[in-house]
Amino acid sequence: QNIPLKRFMEWSLLNQTEQAYASDDLGYSQDSWNNPGNNTVEEWSFHDLYDSEAEGALGLGLDSEAWDCHINHYYGYWWSDLAKNGYDVYFSILGWDEDKW
């Protein structure tokens with residue numbers, strides 16, 4: 001999984017098109033962009049995003065794998081989703097199980 005470097009760039013380094021994807025489609029402000037974890041859209045897994053939000057994410061180079069891993073951190077997944085994708089093993093190592101998740 002490649003780290004989506006654009007998401008971790010400061011707002012001022014994004015071009016106008018990228019800022020439009022971030023603000024218009026994903027609801028970021030300069031402040032919420034520069035402080036990851038402060039936009040409620042990050043609580044949703046990629047498949048739960050509205051079409052316009054998914055388009056904004058894709059416009060910023062964030063496909064479903066990049067979004068779920070680096071933006072949502074799989075918090076939008078049910079444990080069964082983690083298991084289906086084989087990620088439950090990694091979360092189990094960290095002390096998570098279905099009841100805790």
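Keep in mind it's a predicted model, so treat the numbers as computed, not measured.

Next up on the list: the nonpolar core. A general tendency of soluble globular proteins is for nonpolar side chains to be buried together. Counting residues in hydrophobic clusters, the biggest one holds 16 residues, and the most contacted among them are Tyr-28, Trp-33, Leu-62 and Trp-67. For this core, the elements supplying multiple residues, two or more each, are helix 3 (51-59) and helix 4 (64-71). Sorting elements by how many residues they give to this core places helix 4 first, with 3 residues. If we skip the residues at most four places from it in the chain, Trp-67 touches Leu-26, Tyr-28, Val-41, Glu-42, Trp-44, Ser-45, Phe-46, Leu-49, Ala-57, Leu-62, Asn-72 and His-73. Formed by 5 residues, the second largest nonpolar core is a distinct cluster that contains Tyr-74, Tyr-77, Leu-82 and Phe-91.

A word on the packing of aromatic side chains. Under the defined criterion, the tally for this structure stands at 9 aromatic pairs. Arranged with centres 4.7 Å apart and planes meeting at 45°, the rings of Tyr-74 and Tyr-87 form a pair that is tilted. Linking Tyr-74 in the loop between helix 4 and helix 5 (79-85) with Tyr-87 in the loop between helix 5 and helix 6 (88-93), this pair joins segments that are 13 residues apart in sequence. Joined through ring pairs, the aromatic side chains of Tyr-74, Tyr-75, Tyr-77, Trp-79, Tyr-87, Phe-91, Trp-96 and Trp-101 make up one cluster. Its guanidinium or amino end placed over the ring of Trp-33, Arg-7 lies 4.1 Å from that ring's centre, counting from NZ or CZ.

It is worth spelling out the pattern of salt bridges at this point. Summed over the entire model, instances satisfying the criterion amount to 2 salt bridges. Put simply, Glu-18 and Lys-6 hold a salt bridge, and the shortest N to O gap is 2.7 Å. With Glu-18 in helix 1 (residues 16-25) and Lys-6 in the segment before helix 1, the pair connects residues that are 12 residues apart, well separated along the chain. A relative accessible area of 28% places Lys-6 in the partly exposed class. With its nearest N and O atoms 3.3 Å apart, the salt bridge here joins Arg-7 to Glu-42. In this pair, Arg-7 is assigned in the segment before helix 1 and Glu-42 in the loop between helix 2 (30-34) and helix 3, connecting sequence segments 35 residues apart. Under the relative-accessibility criterion, Arg-7 is labelled buried at 3%. The exposure class of Glu-42 is buried, given its relative accessible area of 9%.

Parameters at a glance
- Residues numbered from 1 in each chain as written.
- Predicted model: local features only at pLDDT ≥ 70, side-chain atom pairs only at ≥ 80, totals over all residues.
- Heavy atoms only, no water.
- Core = buried A, V, L, I, M, F, W, Y, C linked by side-chain atoms within 4.5 Å.
- Buried < 20%, exposed > 50% of the residue type's maximum accessible area, 1.4 Å probe, protein only.
- Helix = DSSP H or I, 4+ residues; strand = E, 2+ residues; numbered from the N terminus.
- Contact = heavy atoms within 4.5 Å.
- Phe/Tyr/Trp six-rings, centres within 6.5 Å; stacked < 30°, edge-to-face > 60°.
- Lys NZ or Arg CZ within 6 Å of the ring centre and 35° of its normal.
- Salt bridge = Lys/Arg side-chain N within 4 Å of Asp/Glu carboxyl O.

Treat this as a map of the structure, not an account of what it does.
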